[in-house]
Amino acid sequence: MEDHWTVGRVAELAGVSVRTLHHYDEIGLVRPSARTAAGYRAYSAGDVERLREVLAYRRLGFGLREVAELVGDPSTDAIAHLRRLRGLLMERRDRADAMVAAIDRELEARAKGLKVTPQEQLEMLGARLYDAIGGAYTATRRTEPRIAAQIWDALGDAQTVLNVGAGTGSYEPPDREVTAVEPSAVMRGQRPAGSAPCVAAAAESLPFEDQSFEVAMAVSTVHHWRDPIAGLREMRRVARRVVVLTFDTDEPRWQDRFWLTRDYLPEFAAVLAEFPSLAGMADAIGARAEPVPVPWDCADGLFEAYWRRPGAYLEDHVRRAMSVWTRVGPEAEQRAVRSLSDDLDSGRWAERNSDLAHVDAADLGLRLLIA
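Only a predicted model underlies this, so the values are computations on that prediction, with no experimental measurement involved.

Visitor: I'm lost on the nonpolar core in this one. Help?
Guide: Soluble globular proteins tend to pack their nonpolar side chains together in the buried interior. Among the nonpolar cores identified, the biggest contains 78 residues, and Met235 and Trp259 are the most heavily contacted of them. Beyond its immediate chain neighbours, meaning those up to four positions away, Trp259 contacts Tyr264, Tyr306, Trp307, Pro310, Tyr313, Leu340, Trp349, Asn353 and Leu356. Within the second largest apolar cluster, 20 residues are counted, among which are Tyr43, Leu51, Leu60 and Leu70.

Here is the structure:
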């Protein structure tokens, strides 16, 4: 087996141009580290492995800056990258298969002269929100250590933990006995090997006996539930204590806390128009609320994460892991992205938000309910 590969050979095998490989070398993304017998630079096996990851992420639509962050993550090895890529590709395949099936049903109905309802037409886009956005989670939604510390501190000394709406497993404490609940097959399929056992169920109907766990937790998921209050009460039923990371819409003009919703996406207010009040959720489980600051370099790509890194919101794959954009619709999303891009180019955003430059963490409405 070869121990190094020339630039031309690698370009041929990968189906890219030599110019592309030279560009990756120039920007430090993939630099050939081996040498041929004649002294020319060549790719080692490790270089080829890194290039494979880079090209795979690029073909999934990631920008070069985001690819550099992904492949440069010291906590992620080759196996983790393969699992992440597999999850992204499986999600795209499953979504495409579902859309084809929906189109076939509509074509059959129309051929028979049957009326197709608006609800049936929208089924083509997917019935479950997480099934539409879930594939991007493993790329941008990671555990933020500072938020995790606050959540785990709230868990106290509980050893048996139920994680409701668990997604891919972010924020599950590694030193406890965790049981996860997640209704989305896409999300369950992306849970890493060795993670807690996961049950397919909804928050509003948890398949457990009363007081089965010492504590039940839910992280950034309540706003996706059909009946948040019912889900919270179910958590209270099956556990002696409850810890929930959610969002506060009680303050007047709460949407003005964050420049993105204040200046570019006013539709966000309508997304949470029917969301229960923080006080109502707290009353439902007898909880107190404490603020959860979002660090400026937050590792978890939640909606508010990039408040000091506005350029991230211009990246499609970053937005795909945020349910807000799916909820507001493509027209509002495109307008917001276009306006933000213009303001970043002109310097208007920096001028308007100059006070954020030296802020390390911001209160943008995240709240931890502890009962």
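Back to the write-up after that little detour.
Visitor: Whenever I open this one, the sheet that holds strand S3 (residues 160–164) confuses me. Can you help?
Guide: One key point about sheets: their strands pair by backbone hydrogen bonds, in either a parallel or an antiparallel sense. In spatial order, the strands read S5-S4-S3-S6-S7-S11-S8; together these seven strands make up an open sheet with mixed pairing. If you trace the sheet from one side to the other, it starts and ends with strand S5 (198–199) and strand S8 (288–291), each paired once. Along the sheet, helix H9 (residues 145–155) makes contact with strand S6 (213–219), strand S7 (239–247), S8 and strand S11 (366–370), crossing S7 at roughly 155°.

Visitor: Honestly, the environment of Leu368 in this entry has me stumped. Any pointers?
Guide: Mapped onto the fold, Leu368 is located in strand S11. Note: C-alpha distance between Leu368 and Ala218 (150 residues apart in sequence) is 9.8 Å. When neighbours within four sequence positions are excluded, Leu368 is seen to be in contact with Gln150, Ile151, Ala154, Val243, Val244, Leu245, Arg288, Ala289, Glu290 and Val292.

Visitor: Would you mind going over the packing of aromatic side chains with me for this structure?
Guide: For any pair of aromatic rings, the description consists of the separation of the ring centres together with the inter-plane angle of the planes. Across all of its chains, the model carries 14 aromatic pairs by this definition. For the ring pair Trp259 and Tyr313, a centre distance of 5.8 Å and an interplane angle of 85° mean the geometry is edge-to-face. Of this pair, Trp259 sits in helix H12 (residues 259–264) while Tyr313 is found in the loop between strand S9 (294–295) and helix H15 (316–320), placing the two residues 54 residues apart along the sequence. An identical accessibility class is assigned to Trp259 and Tyr313; each is buried. The interplanar angle of 25° and the centroid separation of 5.1 Å between the aromatic rings of Phe268 and Phe303 together place this pair among those described as stacked. On the criterion of sequence distance, the pair formed by Phe268 in helix H13 (residues 268–271) and Phe303 in the loop between S9 and H15 is long-range, its members being 35 residues apart. The exposure classification of Phe268 matches that of Phe303, with both residues buried. Through successive ring pairs, a cluster of aromatic residues spans Phe247, Trp254, Phe258, Trp259, Tyr264, Phe268, Phe303, Tyr306, Tyr313, Trp325 and Trp349.

Visitor: Just checking my understanding: could you explain the environment of Gly72 for this structure?
Guide: Along the chain, Gly72 falls in the loop between helix H4 (64–71) and helix H5 (78–111). Separated by 22 residues in sequence, Gly72 and Arg50 have C-alpha atoms that sit 9.4 Å apart.

Visitor: Hey, could you run me through the pattern of salt bridges in this one?
Guide: Where side chains of opposite charge bring their charged atoms close, a pairing between them can arise. One pass over the full model with this rule turns up 23 salt bridges. Linking Glu12 and Arg9 is a salt bridge whose minimum nitrogen-to-oxygen distance equals 3.4 Å. Of the two residues, Glu12 and Arg9 both sit in helix H1 (residues 7–14), three residues apart, roughly one turn of that helix. Of the charged contacts, one joins Asp25 and Arg41 as a salt bridge, the two residues approaching to 3.0 Å between their closest N and O atoms. Linking Asp25 in helix H2 (residues 18–26) with Arg41 in strand S2 (residues 41–42), this pair joins segments that are 16 residues apart in sequence. Looking at Arg41, the relative accessible area reads 36%, which means it is partly exposed. In the salt-bridge network here, residues are joined through shared partners; they are Asp248, Glu251, Arg257, Asp363 and Arg367.

About the thresholds
Residues numbered from 1 in each chain as written. Predicted model: local features only at pLDDT ≥ 70, side-chain atom pairs only at ≥ 80, totals over all residues. Heavy atoms only, no water. Core = buried A, V, L, I, M, F, W, Y, C linked by side-chain atoms within 4.5 Å. Buried < 20%, exposed > 50% of the residue type's maximum accessible area, 1.4 Å probe, protein only. Contact = heavy atoms within 4.5 Å. Pairing = 2+ DSSP bridges. Helix = DSSP H or I, 4+ residues; strand = E, 2+ residues; numbered from the N terminus. Axes fitted to C-alpha atoms, helices over the stretch in contact; angles between N-to-C directions. Phe/Tyr/Trp six-rings, centres within 6.5 Å; stacked < 30°, edge-to-face > 60°. Salt bridge = Lys/Arg side-chain N within 4 Å of Asp/Glu carboxyl O.

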